[in-house]
Amino acid sequence: MKFENLLIEVGTEELPPKSLRTLAESFLANFEEELQKAELSYESATWYAAPRRLALKVNALVTAQADKVVEKRGPAIAQAFDAEGNPTKAAMGWARGNGITVDQAERLTTDKGEWLLHKAKVVGVETKSLVAEMAQRALDKLPIPKPMRWGSNKTQFIRPVHTVTMLMGDELIPGELLGIESARTIRGHRFMGVDTLELDHADNYLTALETQGKVMADYQARMAVIKADAQAAADTIGGTAEIDEDLLEEVTSLVEWPVVLTANFEEKFLDVPAEALVYTMKGDQKYFPVFDKAGTLLPHFIFVSNIESKDPAQIIAGNEKVVRPRLADAEFFFETDKKHSLESRLASLETVVFQQQLGTIKDRVERISALAAFIAQGIGADSEQAGRAGLLSKSDLMTNMVMEFTDLQGTMGMHYARLDGETEAVALALEEQYKPKFSGDTVPTQAISISVALAEKLDTLVGIFGIGQAPKGAADPFALRRAAIGILRICVENNLPLDLVDLIAKAQALHGANLSNADTAEQVLEFLMGRFRAWYQDQGISVDVILAVLARRPTSPADFDSRIKAVTHFRSLEQASALAAANKRVSNILAKVEGEIASEVNATLLQESAEQALASKLNELQPQLEPLFANADYQQALALLASLRESVDTFFEDVMVMADDEALKQNRLALLAKLRAQFLHAADISLLQ
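Every chain begins its residue count from 1, and numbering advances along the sequence as written. Restriction of local features to residues with pLDDT of at least 70 applies here, the model being predicted, together with a cutoff of 80 or more for giving and counting side-chain atom pairs; totals for whole chains, interfaces and linings are based on all residues. Only hydrogens and water are removed before side-chain values are computed, so all heavy atoms of the structure are retained for them.

Teacher, can you tell me more about the environment of Asp363 here?
Positionally, Asp363 belongs in helix H10 (residues 361-378). For each residue, the accessible area found with a 1.4 Å probe, counting protein chains only, is set against the maximum for its type, and the residue is called buried under 20%, exposed over 50%, and partly exposed in between. Using a relative accessible area of 32% as the deciding quantity, one classes Asp363 as partly exposed. Along the chain, Asp363 and Ile173 lie 190 residues apart, while their C-alpha atoms are 67 Å from each other. Every helix listed is a DSSP run of H or I at least four residues long, and every strand listed is a run of E at least two residues long, numbered separately from the N terminus.

In structure tokens form, the structure reads like this:
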């Protein structure tokens, strides 16, 4: 077997920076799938991507498919020959199709019968003859939402294609991709290096592009250079660059030859809240802001140029000139907004509809205010402050700053509340009402913030379900799944003594006649309980543990979490599997009983030593279990119940539950019901696998 390295590059116009990495990774994954289908072995494969190219390299790719023998089964012998032993038309047609005569066919004998068989030797095809078609199929499957056409070409792709290069070692693979013939020509940087170069070997791709074309095609290497140089630049001015992964990837996707530079802006702009300046620098200009060690924004920013200039000062000045008007806009908006308090903007909220059936945003904040005050009472917080924060929670939507920079809603509310003289708890709640904003985000921990964040999410959840617009399939225009997870996380992570039933009922009452769905409360509760399952599965909790707790339907999120942790711990105990099986047996026995089962066990009817021992053990544990369950200490309670294993096992070995004597039978059923009831205080462990 021979092996060679394969390179494929598609040269294009500038590709969408936010899609570049996904496109490159998908191209490689799709091509590797094609290699597997074609039974072509290789050592490794990697992808490359720059603004004007997608490429992949397959190392040690076999140069031809292996020869193989393919068994082609023909008609069964009974259908292959007539009564006189002559081949039938079916047999002769099959033989002709395989290029043989019926006499040349072998026989395949199995326990189900005998068939004609032909073992055909299939000679492996050269890899280079398959590459073009495989690459085209890989490109056809790229996630391109809106493909485009260019010129008179009927081919569609995400951007116009100019060059295609397919090399196997030093050999050019003939073929066509996206309407372009394969050639050795690849393009360099638009402004530096050579415009085009001829690639002599697949292994020279990165080096040739870098030395002659001034292009770093290795995406990961380019990203590493940007990150390291940006951090070094920040160190030089005594600061730290804020380099979040999304922005780093976007910047990496925008440049072919990264040159990191440092620029400045006027210190007067630092009077504007830092979040607004950072939003402008990162979102609009793709700059990295710089902070000091205390976390204070400095009047500097770091940017990445796509050219290596002989006079970098000109590029720095140009970027400073570009960012200045944006920062000036933020300053103007901020100074203008300060002239009006958040409270004075409440009336303007009446002009904005939240949802046609649910009223205006003014209606919404009044509901949030009342619900936040209710929640605050439930967690021992200041209901007046919670109500105040709820009332002001959406006022910043009417400010110039938030209208211009929508992602700053909540954050600007916090800053304006501080300027208005609101308490710090109220101001902080305005920012934290939207938390958690994404998976992995933190939840609010201050009481007023908790109250408003829960109220804000519950109002949306109950309102949208109440008008019959629950999420369907993947569609979730009001982000109700995120809101539901947020509610659960806030309650669990803060160990709040709140019950979902009470919260939903209050939110529903505040909506009043807005809601037309008679099943709102039940549907919202079911939706939240369903989120529990998804959330815990994401944490790696076993499905049977989740189902065991769900079976008891605890509607307090903190209580639900305590049970999950307890059952997870119980499941790890040596006694768990035997007790789970016993509970399942008890559940099945009790399910078949008609009529009521006695609530108390009659000690005088306990005849067998095994049932006496079980009853005695239960009675002994009872006073210890009651305070544990009362305090939701399910883990300790289940650990105590695990000590029943031996008594339970002996009971089922020695005692006939369904005795002929009706009194004995009923008493034994009462004993089993008492046993099961103790476990059910925590979960239905009969569901554990």
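Looking at this structure, I do not really get helix H1 (residues 20-37). What am I missing?
Each residue after the first adds 1.5 Å to the expected span of a helix. Look at H1: 26 Å from first C-alpha to last across 18 residues, which is about the 26 Å you get at 1.5 Å a residue. Downstream of H1 by a residue or two, Glu39 has a phi angle that is positive, lying close to 60°.

Looking at this structure, how should I read the pattern of salt bridges?
Opposite charge on two side chains permits them to pair, given that their charged atoms come into close proximity. Salt bridges are counted wherever a side-chain nitrogen of Lys or Arg sits within 4 Å of a carboxyl oxygen of Asp or Glu. Under the definition given, this model contains 46 salt bridges. Between Arg190 and Glu13 there is a salt bridge, and its shortest N-O distance comes to 3.0 Å. Pair noted here: Arg190 is in the loop between strand S11 (185-187) and strand S12 (196-198) and Glu13 is in the loop between strand S1 (3-12) and H1, with a separation of 177 residues, a long-range link. Among the residues examined, Arg190 registers a relative accessible area of 38% and is labelled partly exposed. With relative accessibility at 23%, the residue Glu13 sits in the partly exposed group. Across the salt bridge formed by Lys282 and Asp244, the nearest N and O atoms sit 2.7 Å from each other.

Explain the sheet that holds S1 here, please?
As a general point, the strands of a sheet are linked pairwise by backbone hydrogen bonds and lie either parallel or antiparallel. Here a strand pair is declared whenever DSSP counts at least two bridges between the two strands. Taken in spatial order, the 5 strands line up as S2-S3-S1-S7-S8 in an open sheet, and their pairing is antiparallel. A single partner strand is all that each edge strand has here, and the edge strands are strand S2 (44-50) and strand S8 (171-172). Where S2 lies against strand S3 (residues 53-62), 7 bridges are found, and the strand directions are antiparallel. In the sheet register, Trp47 faces S3, and the bridge partner there is Leu56. Here, two residues are considered to be in contact whenever any of their heavy atoms come within 4.5 Å of each other. Note on geometry: axes are lines fitted to C-alpha atoms, helical ones only across the stretch in contact, with angles between N-to-C directions running from 0 to 180 degrees. Where helix H4 (residues 131-140) meets the sheet, it contacts S1 and strand S7 (161-168), and its direction lies at approximately 45° from that of S1.

Even after reading the chapter, I still don't get the sheet that holds strand S14 (residues 259-264), so can you show me in this structure?
Read from one edge to the other, the open sheet built from 4 strands follows the order S13-S15-S16-S14, with strand pairing classed as antiparallel. Every other strand in the sheet has two partners, leaving strand S13 (240-241) and S14 as the edge strands with one partner each. Bridging between strand S15 (residues 288-291) and strand S16 (residues 297-305) involves 3 bridges; their strand directions are antiparallel. If you follow Phe291 over to S16, its bridge partner there is Leu297. Across the face of the sheet, helix H6 (residues 219-236) comes into contact with S13, S14, S15 and S16 while running at roughly 30° to S14.

How should I be thinking about the packing of H10 against helix H15 (residues 447-466) in this particular structure?
The relative placement of two packed helices comes down to the angle between their axes together with the axis-to-axis distance. Packing of H10 against H15 brings their axes to within 8 Å, and their N-to-C directions diverge by 130°. In terms of orientation, H10 and H15 fall into the oblique class. Of the two elements, H10 crosses H15, and the hand of that crossing is right-handed. Between H10 and H15, the residues in contact are Arg364, Arg367, Ile368, Leu371, Ala372, Ile375 and Ala376 and Ser451, Val452, Leu454, Ala455, Glu456, Leu458, Asp459 and Thr460, respectively. Following the grouping adopted for this structure description, the nonpolar residues are Ala, Val, Leu, Ile, Met, Phe, Trp, Tyr, Cys and Pro, the charged ones are Asp, Glu, Lys and Arg, and the polar ones are all others, Gly among them. Residue classes in the contact of H10 with H15 are distributed as 9 nonpolar, 2 polar and 4 charged. Any angle between 65 and 115 degrees counts as roughly perpendicular, while under 35 counts as roughly parallel, over 145 as roughly antiparallel, and the rest as oblique. With the far helix as reference, a near helix turned anticlockwise by less than a right angle produces a left-handed crossing, and one turned clockwise produces a right-handed crossing.

Would you mind showing me how to read H10 here?
The first and last C-alpha atoms of H10 sit 25 Å apart over 18 residues, in line with the 26 Å expected at 1.5 Å per residue. Within the span of H10, buried status applies to Ile361, Lys362, Arg364, Val365, Arg367, Ile368, Ser369, Leu371, Ala372, Ala373, Ile375 and Ala376. Buried residues along H10 sit against strand S17 (353-355), strand S18 (359-360), helix H11 (383-392), H15 and helix H17 (500-511). Polar contact is the term for a pair of N or O atoms within 3.5 Å; when the atoms are in protein, one must be able to donate a hydrogen and the other to accept it, and sequence-neighboring residues count only if both atoms are side-chain atoms. Two or three places before Lys362, at the start of H10, stands the capping residue Thr360, its side-chain oxygen 3.3 Å from that residue's backbone nitrogen. Looking one or two residues past H10, Gly380 carries a phi angle of roughly 75°, positive in sign.

Looking at this structure, I do not really get unusual backbone geometry. What am I missing?
Excluding glycine, residues mostly carry a negative phi; peptide bonds, for their part, are mostly trans. For the bond from Lys435 to Pro436, the omega torsion is -10°, close enough to zero to count as cis. Residue position: Pro436 is located in the loop between helix H14 (424-432) and H15. Even without a glycine there, the phi angle at Lys214 is positive, about 55°. Examined against the element boundaries, Lys214 turns out to sit in the loop between helix H5 (205-211) and H6. Here Asn495, not a glycine, exhibits a phi torsion of approximately 50°, which is positive. You can see Asn495 is positioned in the loop between helix H16 (480-493) and H17.

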